[in-house]
Amino acid sequence: MPLAVYILGLSVFALGTSEFMLSGLLPPIADDMNVSIPRAGLLISAFAIGMVVGAPLLAVATLRLPRKTTLITLITVFGLGQVAGALAPNYGILFASRVVSALACAGFWAVGAAVAIAMVPVGSRARAMAVMIGGLSIANVLGVPAGAFLGEHLGWRSAFWAVGAASAIALVGVVTRIPHLPLPDERPRLKRELVIYRDRQVLLSVAITALAAGGVFCAFSYLAPVITDVAGIDTRWVSAILGLFGIGALIGTTIGGRVADAHIFGVLLSGVTASTVFLVALALFASSPVAVVALSFLLGVSAFYTAPALNARMFNVAGAAPTLAGATTTAAFNLGNTAGPWLGGTVIDADFGFAATAWAGAAMTVVALATVALSLRLNVRTSRGHVVARGTATGTGPDEHAADRTTDDAAIR
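We now turn to the structure provided with this report. (Residues numbered from 1 in each chain as written. Predicted model: local features only at pLDDT ≥ 70, side-chain atom pairs only at ≥ 80, totals over all residues. Heavy atoms only, no water.)

Moving on to the overall build of the chain. Each helix and strand in the chain was counted, giving 17 helices and 0 strands. In the chain, buried positions account for 53% of the 413 residues. In the chain, the proportion of contacts linking residues at least 24 apart, taken out of those at least 6 apart, comes to 83%. Element-wise, carbon and sulfur atoms account for 68% of the exposed surface of the chain, whose accessible area totals about 17600 Å². (Helix = DSSP H or I, 4+ residues; strand = E, 2+ residues; numbered from the N terminus. Buried < 20%, exposed > 50% of the residue type's maximum accessible area, 1.4 Å probe, protein only. Contact = heavy atoms within 4.5 Å. Areas by Shrake-Rupley, 256 points an atom, 1.4 Å probe, with all protein chains shown as cover.)

In structure tokens, the structure reads:
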């Protein structure tokens, strides 16, 4: 794996820390800005929505620009957004800084994924994406708790300064280690790249990603009150249990990245099924402290076990538009990260209780599982059609195409 891919993973660590750290900083931000906690919570929603909109928007805007230059610009803008947040004198400027940071974050994710894919062989795409997603996992394990620690002891602004410093380190890495990738001989055309959205498999991949991510984060977003109010665990242990989710995510990403290149559909089916089982178990045994602790870890494993496969699958079906493929995956993940918590909040507002968020999440992952099955069925049908077409064109018999079927079976797996 090229060193440049790990530099991109380091950059994602800074991006992911900024994206998720506000969950532990809302009370002090609300006090300092003289706003309610729900209004402060809009800073999280603003970032997620900015990611959904920004990924395809920035991908299109930078389509014909050199990849390295684009990455340098975006990580710089992101870092300046953190500085603006740290210095924000009022809520409005802090909100604006989050939107700008989200747009830069989304663009970096999209372009960075395309660069990582371009630097490795086709058979290593999932491993390359696992490195980048690993940066996000480490952000949940180390970055988010560190941000909460800084916010508690040095004020919430110190967490923004820390992410700004991490962004500066990432910038140095991008400048010195990311190679200049040559532009294609034929300049990319937006109209031709947009054709990917006519492909059913691309749309199915978007749905799978959004539903799989949304199902897990529907429950995870409200895991803290489940831990304290339902399981009866002391609040002092909340950060440690959430950290277990991050450790599970890192383990899941590592395993998924190792096997997804050879067995994409196998990883998707097994991973989404496991998430469904764990969510149902969480809903049933939410009052058990031992079960909640164990399932927090297992949900991290299953959710991020599928992440490299979800990314690699999108690049496989949208190979003609690699930048838009990365942007679409980023948008799909954040669409799930927006819809899942919204659904969970709706369930809570309807007085079904905190544990019911796991039932809602399981409903989303069941739909995701059905969508994976549909995508696999279409993939098998298409692959068999290609084999028959080759056999008809050459006038050869079925046995003479054993090698072709082996190749197609490998692609299906």
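This next bit is on empty space enclosed by the protein. Taken as a whole and judged by the stated rule, the model has 1 cavity of 30 Å³ or more. As a volume, the largest cavity reaches approximately 340 Å³. Looking at the largest cavity, it is lined by 25 residues, and the ones nearest its centre are L136, F304, A307, F333 and N337. Mapped onto the lining of the largest cavity, the elements with two or more residues apiece are α1 (3–20), α6 (125–154), α9 (200–220), α12 (264–284), α13 (289–305), α14 (307–317) and α15 (322–349). The dominant element in the lining of the largest cavity, judged by the number of residues it contributes, is α15, at 5 residues. (1 Å grid on protein atoms, 1.4 Å probe; cavity = no way out; pocket = protein on both sides within 12 Å on 5 of 7 lines; lining within 4 Å. Points joined across faces, edges and corners; volume = space filled by probe spheres on them.)

Attention shifts here to the side chain of S18. Position of S18 among the secondary structure elements: in helix α1. Those residues in contact with S18 that lie beyond four places of it in its chain are F47, F78, Q82, R98 and V163.

Let us now look at a nonpolar patch on the surface. Together, I247, I251, I255 and V259 make up a nonpolar patch on the protein surface, roughly 280 Å² of accessible area in all. Turning to its location among the elements, I251 is positioned in helix α11 (residues 238–259). Residue classification places I251 among the partly exposed positions, given a relative accessible area of 36%. (Patch = residues over 30% accessible without salt bridge, like charges linked within 9 Å, V, L, I, M, F, W, Y side chains within 5 Å. Salt bridge = Lys/Arg side-chain N within 4 Å of Asp/Glu carboxyl O.)

Further remarks concern the pattern of salt bridges. All told, the structure shown has 1 salt bridge when counted by the stated rule. Among the salt bridges present, the one from R157 reaches D32, with a minimum N-O distance of 3.1 Å. Of this pair, R157 sits in helix α7 (residues 156–177) while D32 sits in helix α2 (residues 26–33), and the two are 125 residues apart along the sequence. R157 sits in the partly exposed class, given a relative accessible area of 25%.

A separate point is α11. When the terminal C-alpha atoms of α11 are compared, their 32 Å separation across 22 residues agrees well with the 32 Å that a helix rising 1.5 Å per residue should span. Along α11, the positions that sit buried rather than exposed are V238, I241, G243, F245, G246, G248, A249, G252, T253, G256 and G257. Close packing links the buried residues of α11 with α6, α9, α10 (223–230), α13 and α14. (Expected span 1.5 Å × (residues − 1).)

On the secondary structure map, G143 appears in helix α6. Overall, the relative accessible area of 6% leaves G143 in the buried class. For the pair G143 and M21, spaced 122 residues apart in sequence, the C-alpha separation works out to 7.5 Å.

We now examine α14. By the criterion of burial, α14 is predominantly enclosed, with 10 of the 11 residues buried. Within the span of α14, buried status applies to A307, P308, A309, L310, N311, A312, R313, M314, F315 and V317.

Turning next to unusual backbone geometry. The backbone phi angle of N34 is positive, close to 60°, even though this residue is not glycine. Following the sequence through the fold, N34 ends up in the loop between α2 and α3 (37–61). On the basis of relative accessible area, N34 is assigned to the exposed category, the value being 71%. In this structure, D351 is a non-glycine residue whose phi angle is positive, near 65°. Among the structural elements, D351 can be located in the loop between α15 and α16 (356–394). Assessed through its relative accessible area of 70%, D351 is described here as exposed.

Ranked by size, the top nonpolar core spans 98 residues in total, and within it L8 and W109 carry the most contacts. Considering each element in turn, this core owes the most residues, 14 residues, to helix α5 (residues 91–118). In this structure, L8 is in contact with L71, F108, G112, V115, A116, M119, M132 and I178, ignoring residues within four places of it in sequence. (Core = buried A, V, L, I, M, F, W, Y, C linked by side-chain atoms within 4.5 Å.)

Our next topic: the packing of aromatic side chains. If you walk through the whole model with that rule in mind, you get 6 aromatic pairs. For the pair F220 and F245, a centre-to-centre distance of 4.0 Å together with 25° between the ring planes defines the contact as stacked. With F220 in helix α9 and F245 in helix α11, this residue pair connects regions lying 25 residues apart in the sequence. A single burial state applies to F220 and to F245, both of which are buried. Taken together, the aromatic side chains of F217, F220, F245 and F304 make up a single cluster linked through ring pairs. (Phe/Tyr/Trp six-rings, centres within 6.5 Å; stacked < 30°, edge-to-face > 60°.)

Here we take up the packing of helix α4 (residues 67–87) against α7. In helix packing, the relevant descriptors are the interaxial angle and the interaxial distance, both defined with respect to the helix axes. Relative to each other, α4 and α7 sit at 165°, their axes nearing to 8 Å. It follows that α4 is roughly antiparallel to α7 by the angle criterion. The interaxial crossing formed by α4 with α7 has left-handed handedness. Listed contacts from α7 to K68, L71, I72, I75, T76, F78, G79, Q82, V83, G85, A86 and L87 of α4 are W156, R157, F160, W161, V163, G164, S167, A170, L171, V174 and V175. The residue inventory of the contact of α4 with α7, partitioned by class, reads 15 nonpolar, 6 polar and 2 charged. (Axes fitted to C-alpha atoms, helices over the stretch in contact; angles between N-to-C directions. Parallel < 35°, antiparallel > 145°, perpendicular 65-115°, else oblique. Left-handed = near helix turned anticlockwise from the far one by under 90°. Nonpolar A, V, L, I, M, F, W, Y, C, P; charged D, E, K, R; others polar.)

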